[in-house]
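# Structural description and commentary
Listed below are the residues making up each chain.
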Amino acid sequence: QKEVEQDPGPLSVPEGAIVSLNCTYSNSAFQYFMWYRQYSRKGPELLMYTYSSGNKEDGRFTAQVDKSSKYISLFIRDSQPSDSATYLCAMSMSGGSNYKLTFGKGTLLTVNP
Amino acid sequence: DSGVTQTPKHLITATGQRVTLRCSPRSGDLSVYWYQQSLDQGLQFLIQYYNGEERAKGNILERFSAQQFPDLHSELNLSSLELGDSALYFCASSVDGVPYGYTFGSGTRLTVV
């Protein structure tokens, strides 16, 4: 079993839809949870991060972490064609001096005008 | 421009050859991370350097090696290349101490023929 599982999609939605992206994980030592967006031929860019459990909102984006279920989600409201990209979840342990990230494989999202 | 510079952007080489990928971190960042992204494995952590010293190793093959120089730029050396080494190689840099402080470069696309 991989440490982080993410449905690769692809996911295709109409403009204005609410998008839900999810990841599950197996390592209970993960404390930092991040969502990255990657456009074609570009490096990943950080969208949001959450420490431990809870929700975090930033504009049209909401990140949720449920550590009891080892499940994280990213919601995109009022999706736009510019949101079309691959979304990667990433996780890291707390403490120490190495903050390597463990990524899901990514979900390819297309928002159709 | 993320501030992390990777060269070259594309590289095509034959099996058995050796290549060097270069990364200049964002100004002020002391940590450099190398990741490999392939379709079947997703983004995989290879190695981390902090201020010139190796700090952590991930799934890096023995044929691969890296170093970080006094000016903080880093090089990833890939030798005895195989077809399966074809992938996107990303460098990221960060301010030490937080896992959500990564900035990724645009990557080097390596094709082994």
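Up top is the structure these notes are about.
What comes next is a walk through the structure. (Residues numbered from 1 in each chain as written. Chains lettered and ligands numbered in written order. Predicted model: local features only at pLDDT ≥ 70, side-chain atom pairs only at ≥ 80, totals over all residues. Heavy atoms only, no water.)

### Things to note about unusual backbone geometry
Note on backbone geometry: most residues besides glycine have negative phi, and most peptide bonds are trans. The following threshold applies: Per the convention used, a helix needs a DSSP run of H or I reaching at least four residues, while a strand needs a run of E reaching at least two, with both numbered from the N terminus. The buried label applies to any residue whose accessible area, calculated with a 1.4 Å probe on protein chains only, is under 20% of its type's maximum; exposed applies above 50%, and partly exposed to all values in between.
The omega torsion across Gly9(A) and Pro10(A) is 5°, close enough to zero to call that bond cis. The topology assignment puts Pro10(A) in the loop between β1 (4-6) and β2 (11-14). With an omega dihedral of -10°, the bond running from Thr7(B) to Pro8(B) counts as a cis peptide bond. Structurally, Pro8(B) can be placed in the loop between β1 (5-7) and β2 (10-13). With phi around 60°, Ser52(A) is a residue other than glycine that occupies positive phi space. Of note, Ser52(A) is situated in the loop between β5 (45-51) and β6 (54-58). Taking relative accessible area as the criterion, Ser52(A) reaches 22% and is therefore assigned partly exposed. At Asp78(A), a residue that is not glycine, the phi angle is positive and equals roughly 45°. Among the structural elements, Asp78(A) can be located in the loop between β8 (71-76) and β9 (85-93). Asp78(A) sits in the partly exposed class, given a relative accessible area of 41%.

### Section: the packing of aromatic side chains
Short version of the rule: When two rings of Phe, Tyr or Trp (its six-membered ring) have centres within 6.5 Å they constitute a pair, described as stacked for plane angles under 30 degrees, edge-to-face for angles over 60, and tilted for the intermediate range.
On inspection of all chains with the given rule, the structure shows 17 aromatic pairs over all chains. Taken together, a centroid distance of 3.6 Å and an interplanar angle of 5° make the contact between Tyr49(A) and Tyr100(B) stacked. Residue Tyr49(A) is found in strand β5, and its partner Tyr100(B) is found in the loop between β9 (87-94) and β10 (103-104); the two belong to separate chains. Here Tyr49(A) falls in the partly exposed class, since its relative accessible area comes to 25%. Judged by its relative accessible area of 25%, Tyr100(B) falls in the partly exposed class. Seen in terms of ring centroids, Phe90(B) and Phe104(B) are 6.3 Å apart; in terms of plane orientation they differ by 90°. Their pairing is edge-to-face. Remark: Phe104(B) occurs in strand β10 and Phe90(B) occurs in strand β9; sequence separation between them is 14 residues. Residue classification places Phe90(B) among the buried positions, given a relative accessible area of 0%. Aromatic rings pair up to connect Tyr36(A), Phe103(A), Tyr33(B), Tyr35(B), Phe45(B), Phe90(B), Tyr102(B) and Phe104(B) into one cluster.

### Considerations on the environment of Cys89(A)
All names here are of chain A. Mapped onto the secondary structure, Cys89 falls in strand β9. According to the relative accessible area criterion, Cys89 is buried, its value standing at 0%. Along the chain, Cys89 and Thr102 lie 13 residues apart, while their C-alpha atoms are 8.4 Å from each other.

### Points about the state of the cysteines
All names here are of chain A. What counts, and what does not: Cysteine sulfur pairs qualify as disulfides if the two atoms are within 2.5 Å.
Tallied over the entire structure, the rule returns two disulfides over all chains. The residue that forms a disulfide with Cys23 is Cys89, at a sulfur-sulfur distance of 2.0 Å. Disulfide Cys23-Cys89: torsion about the S-S bond near -100°, hence left-handed. Of the two residues, Cys23 is situated in strand β3 (residues 19-25) and Cys89 in strand β9; the sequence distance between them amounts to 66 residues. Here Cys23 and Cys89 have matching classes, each one buried.

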